[in-house]
Amino acid sequence: MTVSSTTTTFKAMGKASSTPIGGIRFDYLMAGLAAAVIGGLYLDGWAHSHGRVDKTFFTPWHGVLYGALFLNAIVLGIVLLVNHNRGRSWTTALPEGYILSFIGTPLFLVGGVGDLIWHTLFGFEVGIEPLLSPTHLLLALSGFFIMSGPIRAAWIRTENRKEQNWSILLPPIISLITIFSLFTFFTDYAHPLGNLRTITAQPYQGTFGSWGATGILLQSALLMGIVLFALRRWHLPFGTFTLMFTINAALMSVFRDLYVLILPALLSGIIADILYARIQPSVKRPDTVRMFAFIVPIVHMLSLLLTIIAIWGTSWSIHLWLGVCVMGGVIGLLMSYLIVPNPIPVRAEQAE
């Protein structure tokens, strides 16, 4: 996105000089910038997994990632100044939901400088170390703050469920996908698409099986945390889960060139969308939420595992690969009680 196109967008968002910048058009802009950040992150991950990174902090892959985040900082800074000049106080100059995004930009700068110092003092990480490095985790936290702005804005703004269609919910849905993909990026070592050997290792080794099963359970929890969070607040349009599962699988596939696994993710997303449309899970009907939360992780992980088994084979027994998928459904079911808890009964004497 160029500076001239950003300026044009700002003009479109506020035709009158007294109109503060914000609203749904600004959400679209920030969702696009969030997509640029997650794209830069996965591009850097691809470079690392394909041996394209030298032992230096200054790489073109870092340049893309840091450039996308720098553009977020520029946009938020401009909006802050413009809205203040249009009569807003400094504390209300940013659109609702974007204060944390603004805080995330200097936090990322601190993390970036800290990362440079860290590499200078302790060298460069290898293996799974980049995903657990303290400075990288600080960068991840700042990225979470920045990319989640459209979610917070839509959470505050959307009220009428009948108006919750693609035109209104696309920005928060894109933001949700970026957050989900941020989580899966930093848990790549515990993901079927990132650590295929834990499933396909021959002959069967207990340690690999334990790692693989644990990874599937973790990914089921992350998936349903995002899904149930969105389900609790919005009436999601048809295609939401297809888009979420497919984009995330496509991003995860770039690490190991496992693009064939995009298809089962697409299929599980379609099934989740059909199930959502049929049973219409809602906080007003907790049983439907329980059913949805139990079935979706089973379908999603089972689709991935069956494809992996069909192509590469496995030494896992049916007890393991089918059981761990069902256990993922149990995790989703239990999480539904946290997101949509049953009402606490009030006894007659307590009510009096």
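Everything discussed here concerns the structure shown above.
All of these numbers come straight from a predicted model, not from anything done at the bench.

Caption draft 1: Highlighting the packing of aromatic side chains. All chains considered together, the criterion is met by 14 aromatic pairs. Summarising the aromatic geometry, the rings of Tyr66 and Phe108 are spaced 5.0 Å apart at their centres and angled 65 degrees between planes, so their arrangement reads as edge-to-face. In this pair, Tyr66 is assigned in helix H3 (residues 60-85) and Phe108 in helix H4 (residues 99-122), connecting sequence segments 42 residues apart. We classify Phe108 as buried; its relative accessible area is 7%. Of note, Arg233 hangs over the ring of Trp155, and the distance from its end group to the ring centre comes to 5.6 Å. Geometry around Tyr337 places Arg290 over its ring, the cationic atom sitting 3.8 Å from the centre.

Caption draft 2: Molecular detail of the packing of helix H6 (residues 134-147) against helix H8 (residues 166-186). One can describe the packing of H6 onto H8 by two numbers: an axis separation of 10 Å at closest approach and a directional angle of 170 degrees. Comparing their axes, H8 and H6 come out roughly antiparallel. Between H6 and H8, the contacting residues are His136, Leu137, Ala140, Phe144 and Met147 on the first element and Ser175, Thr178, Ile179, Leu182, Phe183 and Phe186 on the second.

Caption draft 3: Spotlight on the pattern of salt bridges. Under the criterion given, the structure shown has 2 salt bridges. Of the charged contacts in the structure, one is a salt bridge between Asp27 and Arg157, with a shortest N-O distance of 2.4 Å. Here Asp27, found in helix H2 (residues 24-49), pairs with Arg157, found in helix H7 (residues 149-157); they are 130 residues apart in sequence, far enough to count as distant. Close ionic contact of Asp188 with Arg256 constitutes a salt bridge, the shortest N to O distance being 3.2 Å. Taken together, the positions of Asp188 in the loop between H8 and helix H9 (197-200) and Arg256 in helix H11 (residues 240-256) put the pair 68 residues apart, joining distant regions of the chain.

Rules used in this analysis
- As a convention, each chain's residues are numbered from 1 in the sequence order in which they are written.
- For a predicted model such as this one, the threshold for reporting local features is a pLDDT of at least 70, and the threshold for listing and counting side-chain atom pairs is 80 or more; totals across whole chains, interfaces and linings nevertheless cover every residue.
- The side-chain numbers reported here are obtained from all heavy atoms of the structure, hydrogens and water having been left aside.
- When the centres of two rings from Phe, Tyr and Trp lie within 6.5 Å, Trp using its six-membered ring, the rings pair. Their planes under 30 degrees apart give stacked, over 60 give edge-to-face, and anything left gives tilted.
- Think of it this way: any DSSP run of H or I at least four residues long counts as a helix, any run of E at least two long counts as a strand, and we number them from the N terminus.
- Burial classes: relative accessible area under 20% of the type maximum marks a residue as buried, over 50% as exposed, and values in between as partly exposed (1.4 Å probe, protein chains only).
- Whether a charge sits over a ring comes down to the Lys NZ or Arg CZ being within 6 Å of the ring centre and within 35 degrees of the ring normal.
- Only the stretch in contact is used when a helix axis is fitted, and all axes are lines through C-alpha atoms; the angle between N-to-C directions ranges over 0 to 180 degrees.
- Angle categories: roughly parallel below 35 degrees, roughly antiparallel above 145, roughly perpendicular from 65 to 115, and oblique for all the rest.
- Only heavy atoms matter for contacts: two residues are in contact if any of them lie within 4.5 Å across the pair.
- The rule for a salt bridge is simple: a side-chain nitrogen of Lys or Arg has to be within 4 Å of a carboxyl oxygen of Asp or Glu.

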